[in-house]
Amino acid sequence: MTFTLHFSSDQACDVSISGGKGANLAVLTQKNFPVPIGFIITVSGYQKWIPNDECIKTAIDQFDYENPALLKTQTNQLITKLKDIPLPEELTNEVTTCLHKYPADFCFSVRSSSNLEDLADAAFAGQHESFLNCRGEHEILARIKDCYLSLWSDRAVAYRKKQGFNQSHVSMAVVIQTMIPCEVAGVGFSIDPVGGDLNQMIIDANYGLGESVVSGEGEIDHFVIERSTRQVVNQSIGEKKSKTIAVITGTEEVRISKKESESPCLSTDQLKKIADLLIRVEECYAFPQDIEWGFYNEKLYLLQSRTVTTILPKWTRDESAERFPNVISSLAWDLVDSGFHRSLAYSFRLMGYPTFKGKWFAQHDHYIYGNQNAVMLYGRRLPFSFNSLDDLRKLIPTLRKEYRWVQELPVRWYRNLDGYLIRLGELGNENLKNRSSDELWNYVNRVNQLAGDYFLPNIAISITQGVLYRVLLRVITLFVGEKKAGEVFDQLMSFCETKTGQINRELYDLAELARLTPELAHLIIEKDSQELIHDKLLSDYSEFSDKFKDFLHCHGHREVDFDPYIPTWIDSPWTVVDNIRLILESEKADEPAEKERELKIKALQTEEALLEEIPKDLHFFFYEILRLARVYTRLDDLEHYQTTRLTLPLRRGLKALGENLVRIKVVETPMDIFFAHRNQLDRAVSKKTELEWDQLKNLIADQKSAYHKDKSRIPEWVQGQSEEYVDDSIDTLKGIPGSPGTLEGTVFQVLGPEDFSRFPKGAILVTRTTNPSWTPLFYSAAALVTESGGPLSHGAVTAREMGIPAVMSVRNCLARLMNGTKIRINGLKGTVQTLD
């Protein structure tokens, strides 16, 4: 066969051959879903029909997308020309041969299946023609041609333009599928695409064929289903006036009785079957699905499925509070935002994820909020599933084929790192003295462009690390059970050679060097760190001073806050001194090399014990997953370390530009430039008029005031919802277990590195989140409570290494647990009890 493929054909699963709808039906058929049998006329049939597409190319060049009436005229003229082209004899003969394999009285649906249709990028719902209950060769061949022609309707052309598709790249396959004369039919969504609730499913239905539901021309029954229980949580029974049924001449709309009109068209059992089908289809594609379904003779049929392409955002601090615990200046976020979402698109393409059209992170009142719906769908899902060893064995060949990029990405990243560092060095060495504002703004934009180029694959690294962790944990669970899996996972992953580990060892070495000179150690412990730096008191201790300077030279770009408005270590060296002080004061500061040796031995022992439980044919798979989890742990840490190098040239360029703005009295201090928005600054620098500078001055002043006002408040956890504080009569706060252990102590809040020097030894550290540069703080803390994060976050992992209890994601902990409050923390149960 040259132009046709049956749903069971492997080739039929290729979108470029079968179009979106045809490929989906082929995949679902081969996955044993209840899909009515049929075949596909591949895109080669359409291409054979139009061997010379000069008339189409000419029409495309002339399409006027700004004038809908003219566009309709232009597309109608093109369709009129195409109507005169007969279907090729080879095509009609092959279709006829396929139809003869079915009983003569069979009816078929004839559906368009564009190569751009039903993709994750765009659904093309209703843009192309489909025809129901077609009988006989003559009618079916005529409908095939109508499907071809519908590719060039004004609505299809306009839709492709809006979605950014190239009109010249479009082609059409056609699905010929046995017709099911449904008694009741409709659509279903595996999530709520309107309300944005991922825990609810939506089912719309009417009697007869599903056309009355899809068209939206009449009232229908609407059901909201709880995902976990399959129970109806809400329903709206419409006053259904008619239904679409199959008749000899095609379809017909008929009136229904008053009893039918007022009654639900689906039973509880039927709703459960549809809900089960929705979840099965979603698991097949590892992403939410929109399906068409129908019941006939008590059997449920799956008629179509496509990826849900639009999901309502839900802005919360669940994802962002750990990454962005504090306020962020306007310009900093504007510069980050474009590069981040550029990386998101690139990373999702690399990973084979559906295109994401919205925002992952957004700034509201200077705090960053995450789109929790997007996070749950993209960031916290497994793109495949397995529940047994047999499932895993069957899955391994697919993993080798489809996830080869997981092996290749680290190699590619390291290869590109050299170019990034060379370019960064060139930017760092540029002379910025006596530069115009235009030149300095250009410099800042070049730094930001380099940042975006370097960061392209980094989100893929971060998400892949999470996926590898979940796969490894799932494999471990199969062998040791759910209760022990977490502990075994922690032991296997307890040591990875990271840049953060290296820096912490160097800090420890500096502290030990200071300890050799009691006078110096006493000075660091007792003297205010900023005074110590400003008065150059370390210079009296030449060996320590030289090593301290060398440390800053190597790692001075290390951030204390995500916002580049906040100085890094090189510009606030006292924060490094505070870290050294914390190590000096602590009795828990074990020698890093010995600690690493202990962790390595424990990891090896755990690995050997686990291998005794794993069948030999899965040893290599286990080794590879464990190796990759460790590789990506190192890589995720290193890419962040290298990313922060950008802060120095960015601050340097913006400071120089800010100095220019100080001279013309737009800002009071050079770094006030961070309170401008990027577009505001771009407009003022390009126009250079007195009016623009005055407007920029006022905007910066207002935005600076708003920044400091927002900094002093606790942000809403869910954007737009006022925070309701925990009732004072309730003395126990609940979070997520982070590190086991029970302890009573007093609270000390740390909101940033400026609080390090005041942290009392033995206090319970309460904070929004921690990051790797906070590690020395754990030497002095008795326990940890955070507002965000989970068992795999930096704070939890470090707490387990230090052997101190930790509870993560305790909502309102900063509002409830004030300095000096006595609390009892249970890291195993994830509870914090106030004792005062």
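The model shown is predicted, which means the values in this text are computed figures rather than measured ones.

Enquirer: How would you explain the overall build of the chain if you had to name every residue and give the values?
Expert: A count of helices and strands for the chain gives 30 helices and 24 strands. Rg of the C-alpha trace for the chain: 32 Å, near the compact-globule value of 28 Å for 836 residues, within the 12% margin. Expressed along its principal axes, the backbone C-alpha trace of the chain runs to roughly 100 × 70 × 55 Å. The contacts of the chain with a sequence gap of at least 6 include a subset with a gap of at least 24, amounting to 69%. Averaging the coordinates of the 96 positive side-chain charges in the chain and doing the same for the 115 negative ones gives two points 1 Å apart.

Enquirer: Break down the environment of Pro264 for me, with residues and values.
Expert: Within the element layout of this structure, Pro264 appears in the loop between helix H9 (258–262) and helix H10 (268–285). Owing to a relative accessible area of 39%, Pro264 belongs among the partly exposed residues under this scheme. For Pro264, the residues in contact, after removing those within four places along its chain, are Tyr207, Asp221, Phe223 and Ile237.

Enquirer: An account of the packing of aromatic side chains is needed here, citing residue identities and associated values.
Expert: Overall, the coordinates contain 36 aromatic pairs when judged by the stated rule. Geometrically, the ring pair formed by Tyr102 and Phe106 is tilted, given 6.2 Å between the ring centres and 35 degrees between the ring planes. According to the relative accessible area criterion, Phe106 is partly exposed, its value standing at 32%. On the numbers, 5.1 Å between centres and 85 degrees between planes, the contact of Phe324 with Phe361 is edge-to-face. Placement of Phe324 in the loop between helix H11 (320–323) and helix H12 (330–351) and of Phe361 in strand E15 (residues 361–364) is noted, with a sequence separation of 37 residues between them. Residue Phe324 is classed as buried on the basis of its relative accessible area, which comes to 6%. Joined through ring pairs, the aromatic side chains of Phe287, Phe348, Tyr353, Phe356, Trp360 and Tyr378 make up one cluster. Positioned above the aromatic ring of Trp152, the side-chain terminus of Arg160 is 4.9 Å from the ring centre. For Arg317, the ring lying beneath its charged end belongs to Tyr369, and the centroid distance is 5.9 Å.

Enquirer: Report on the side chain of Ser171, specifying residues and quantitative values.
Expert: Relative to the helices and strands, Ser171 is located in the loop between helix H7 (154–163) and strand E5 (172–178). Judged by relative accessible area, Ser171 falls into the buried class, the value being 6%. Ignoring sequence-local partners within four residues, the contact set of Ser171 consists of Val43, Tyr46, Gln47, Ser114, Asn115 and Leu151.

Enquirer: Can you lay out the sheet that holds strand E2 (residues 38–41) for me, pointing to particular residues and giving the numbers?
Expert: If you trace the 5 strands from one edge of the open sheet to the other, you get E1-E2-E5-E3-E4, paired in antiparallel fashion. Lying at the two open borders of the sheet, with one neighbouring strand each, are strand E1 (4–6) and strand E4 (130–134). The sheet shows a mean angle of 20 degrees between the axes of neighbouring strands, direction not considered. With 3 bridges joining them, strand E3 (residues 108–114) and E4 adopt antiparallel strand pairing. Its bridge partner being in E4, Val110 is matched across the sheet by Phe131. Against the sheet, helix H1 (residues 15–30) engages E1, E2, E3 and E5, with an angle of about 130 degrees to E3.

Enquirer: I'd like to hear about the layout of surface pockets, residue by residue, with values.
Expert: What the second largest pocket holds in volume is close to 1,900 Å³. If you tally residues by element for the lining of the second largest pocket, the top one is helix H14 (residues 389–402), at 7 residues. Of the residues belonging to the lining of the second largest pocket, the class tally is 22 nonpolar, 10 polar and 13 charged.

Enquirer: Report on helix H29 (residues 794–802), specifying residues and quantitative values.
Expert: Those residues of H29 not exposed but buried are His794, Gly795, Ala796, Thr798 and Ala799. Following H29 by one or two positions, Gly803 adopts a phi angle in the positive range, close to 75 degrees.

Enquirer: Summarise the packing of helix H27 (residues 678–687) against helix H28 (residues 690–711); cite the residues concerned and give the values.
Expert: Interaxial distance between H27 and H28 falls to 9 Å at its minimum, and their mutual angle equals 155 degrees. Looking at the two axes, H27 sits roughly antiparallel to H28. Our pair here, H27 against H28, has a crossing hand that is left-handed. Packed against H27, whose contacting residues are Gln680, Leu681, Arg683, Ala684, Val685 and Lys687, the element H28 presents Glu692, Trp693, Leu696, Leu699 and Gln703 at the interface. Of the residues that constitute the contact of H27 with H28, the class distribution is 6 nonpolar, 2 polar and 3 charged.

Enquirer: Account for the pattern of salt bridges, with residues named and values stated.
Expert: All chains considered together, the criterion is met by 40 salt bridges. A salt bridge links Glu497 to Arg505; the shortest N-O distance between them is 2.8 Å. It is possible to trace a salt-bridge network through shared partners that takes in Arg230, Lys272 and Asp276.

Enquirer: Account for the side chain of Asn826, naming residues and giving values.
Expert: Note that Asn826 resides in strand E23 (residues 822–826). With relative accessibility at 17%, the residue Asn826 sits in the buried group. Discounting residues that sit within four places of it in the chain, Asn826 has contacts with Gly741, Thr742, Val807 and Thr831.

Enquirer: Quick rundown of the sheet that holds strand E21 (residues 783–786)? Include the residues and the values.
Expert: Pairing is mixed in the open sheet, where 8 strands are placed in the order E17-E24-E23-E19-E20-E21-E22-E18. Edge positions in the sheet fall to strand E17 (732–734) and strand E18 (736–739), since each has one partner strand and no second. Put simply, the sheet's adjacent strands are angled 30 degrees from each other on average, direction ignored. Pairing between E17 and strand E24 (residues 831–834): 3 bridges, direction antiparallel. Bridge pairing links Leu733 to Val832 in E24.

Enquirer: I'd love a proper account of the pairing of strand E20 (residues 764–767), names of residues and values included.
Expert: Going residue by residue along E20, you find Ile764 and Val766 tucked away on one face and Leu765 and Thr767 tucked away on the opposite face as well. In terms of strand pairing, strand E19 (residues 742–749) meets E20 through 3 bridges, oriented parallel. Following the sheet pairing, Gln749 is matched in E20 by Val766.

Enquirer: Tell me what's going on with unusual backbone geometry, and back it up with residues and numbers.
Expert: Phi is positive for Asn133, which is not a glycine, with a value near 55 degrees. Mapped onto the fold, Asn133 is located in strand E4. Positive phi, close to 65 degrees, is recorded for Asn812, a residue that is not glycine. In this fold, Asn812 is placed in the loop between strand E22 (806–808) and helix H30 (813–816).

What counts, and at which threshold
Residues take numbers from 1 onward in each chain, read along the sequence in its written order. Totals for whole chains, interfaces and linings use all residues, but because this is a predicted model, local features are given only for residues with pLDDT of at least 70 and pairs of side-chain atoms are given and counted only at 80 or more. Hydrogens and water molecules were not included; the side-chain quantities draw on all heavy atoms of the structure. We count a stretch as a helix when DSSP gives it H or I for four or more residues in a row; a strand needs E for two or more, and each element gets its number in order from the N terminus. Throughout, the radius of gyration refers to the C-alpha atoms, and the reference size of a globule is 2.2 Å times the residue count to the power 0.38. Every residue pair with non-hydrogen atoms within 4.5 Å of one another is taken to be in contact. Counted charges follow a simple rule, with Lys and Arg positive, Asp and Glu negative, and His plus the chain ends left uncounted. By convention, the charge on Lys lies at NZ, on Arg at CZ, on Asp at CG and on Glu at CD. Here's how the labels work: a residue is buried when its accessible area is under 20% of the maximum for its type, exposed when over 50%, partly exposed in between, all with a 1.4 Å probe on protein chains only. The criterion for an aromatic pair is that two Phe, Tyr or Trp rings (for Trp, the six-membered ring) have centres within 6.5 Å, with stacked assigned to planes under 30 degrees apart, edge-to-face to planes over 60 apart and tilted to the rest. In this analysis the charged atom, NZ for Lys or CZ for Arg, is taken to sit over a ring once it is within 6 Å of the ring centre and within 35 degrees of the ring normal. By definition, two strands form a pair when at least two bridges between them are found by DSSP. As a rule, the C-alpha atoms of each element are fitted with a line to give its axis, helices using only the stretch in contact, and angles between N-to-C directions run from 0 to 180 degrees. A 1.4 Å probe that fits but cannot get out identifies a cavity on a 1 Å grid over protein atoms alone, an open set with protein on both sides within 12 Å along at least five of seven lines counts as a pocket, and a residue lines either if it has an atom within 4 Å of a point. Grid points are joined across faces, edges and corners, and a volume is the space filled by probe spheres set on the points. Only Asp, Glu, Lys and Arg are considered charged in this grouping, and only Ala, Val, Leu, Ile, Met, Phe, Trp, Tyr, Cys and Pro are considered nonpolar; every other residue, Gly among them, is considered polar. Reported orientations rely on four angle classes, namely roughly parallel under 35 degrees, roughly antiparallel over 145, roughly perpendicular from 65 to 115, and oblique for the rest. Each crossing is labelled by how the near helix is turned from the far one, with a counterclockwise turn of less than a right angle marking it left-handed and a clockwise turn marking it right-handed. Any Lys or Arg side-chain nitrogen located within 4 Å of an Asp or Glu carboxyl oxygen qualifies as a salt bridge.

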